[in-house]
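Summary of structural features
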Amino acid sequence: MRSVIRPELPVLYVYDHCPFCVRVRLAMGVKNVKHLIHFLANDDIATPTALVGKKIAPIFALPEDDFIMMESLDIIAKVDTDERFGPTNQILPASGRTDIKAWQKSVQTLLRTLQRPRYVAT
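Each value, and the rule that gives it
Residues numbered from 1 in each chain as written. Predicted model: local features only at pLDDT ≥ 70, side-chain atom pairs only at ≥ 80, totals over all residues. Heavy atoms only, no water. Helix = DSSP H or I, 4+ residues; strand = E, 2+ residues; numbered from the N terminus. Polar contact = N/O pair within 3.5 Å; in protein donor to acceptor, adjacent residues only side chain to side chain. UniProt positions renumbered as here; feature names shortened; annotations may be inferred. Axes fitted to C-alpha atoms, helices over the stretch in contact; angles between N-to-C directions. Parallel < 35°, antiparallel > 145°, perpendicular 65-115°, else oblique. Contact = heavy atoms within 4.5 Å. Nonpolar A, V, L, I, M, F, W, Y, C, P; charged D, E, K, R; others polar. Phe/Tyr/Trp six-rings, centres within 6.5 Å; stacked < 30°, edge-to-face > 60°. Buried < 20%, exposed > 50% of the residue type's maximum accessible area, 1.4 Å probe, protein only. Lys NZ or Arg CZ within 6 Å of the ring centre and 35° of its normal.

Here we come to the side chain of D44. Take D44: it is sitting in the loop between β2 (36-39) and α2 (46-52). Here the side chain of D44 touches T47 through a polar contact of 2.8 Å, side chain to side chain.

And the structure:
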């Protein structure tokens, strides 16, 4: 898949310990969309509040449209349905498989260690 590079790169504001942010970063990787990433400090209240009115992440900014949005699934839907980000409908919906949910629960501690490396380091 070819890399999608917009004239003005989209910006993704994330916390490095946030699983919802990981979800969006993964989708951007699957779609091969080049973007800027801005890691927010956990105590940075001003930046997300100025962007969307509250302390939350992820936040997706599309400078060429003066467009900003939050909520991971909404961001993924936006990127996956906008032809400017390559072929559409590449991200499949949730499968609803209960066996996967059970497995996630069984490896929850390990997943937290992998998803939140700074927590482990501290």
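Per the UniProt annotation, the sites labelled "domain: GST N-terminal" (unreviewed entry) are residues 12-81. Taken as a whole, residues 12-81 contains 43% helix and 21% strand, while its terminal C-alpha atoms sit 17 Å from one another.

Running from N to C, helix α1 (residues 19-31) and helix α3 (residues 72-81) point in directions that differ by 10°, and their axes come no closer than 9 Å. Regarding the angle of α1 to α3, the classification is roughly parallel. The segment α1 lies against α3, with F20, R23, V24, A27, M28 and K31 engaging S72, L73, I75, I76, V79 and D80. Along the lines of polarity and charge, the residues of the contact of α1 with α3 split into 8 nonpolar, 1 polar and 3 charged.

With that out of the way, let us pick up the packing of aromatic side chains. Within this structure, the stated rule accounts for 1 aromatic pair. Pairing F60 with F85 gives two aromatic rings, centres 6.3 Å apart and planes at 65°, and the pair type is edge-to-face. With F60 in strand β3 (residues 59-62) and F85 in the loop between α3 and α4 (98-106), this residue pair connects regions lying 25 residues apart in the sequence. Overall, the relative accessible area of 0% leaves F60 in the buried class. The ring of F67 carries the charged tip of K78 above its face, separated from the ring centre by 4.9 Å.

A cis amide bond, omega 5°, links A57 with the succeeding residue P58. Mapped onto the elements, P58 comes out in the loop between α2 and β3. You will see that N32, though not glycine, has its phi angle at about 60°, which is positive. Of note, N32 is situated in the loop between α1 and β2. Here the phi dihedral of D66 falls at roughly 50°; this positive angle occurs in a residue that is not glycine. Structurally, D66 is set in the loop between β3 and β4 (67-70). A relative accessible area of 71% means that D66 is categorised as exposed.

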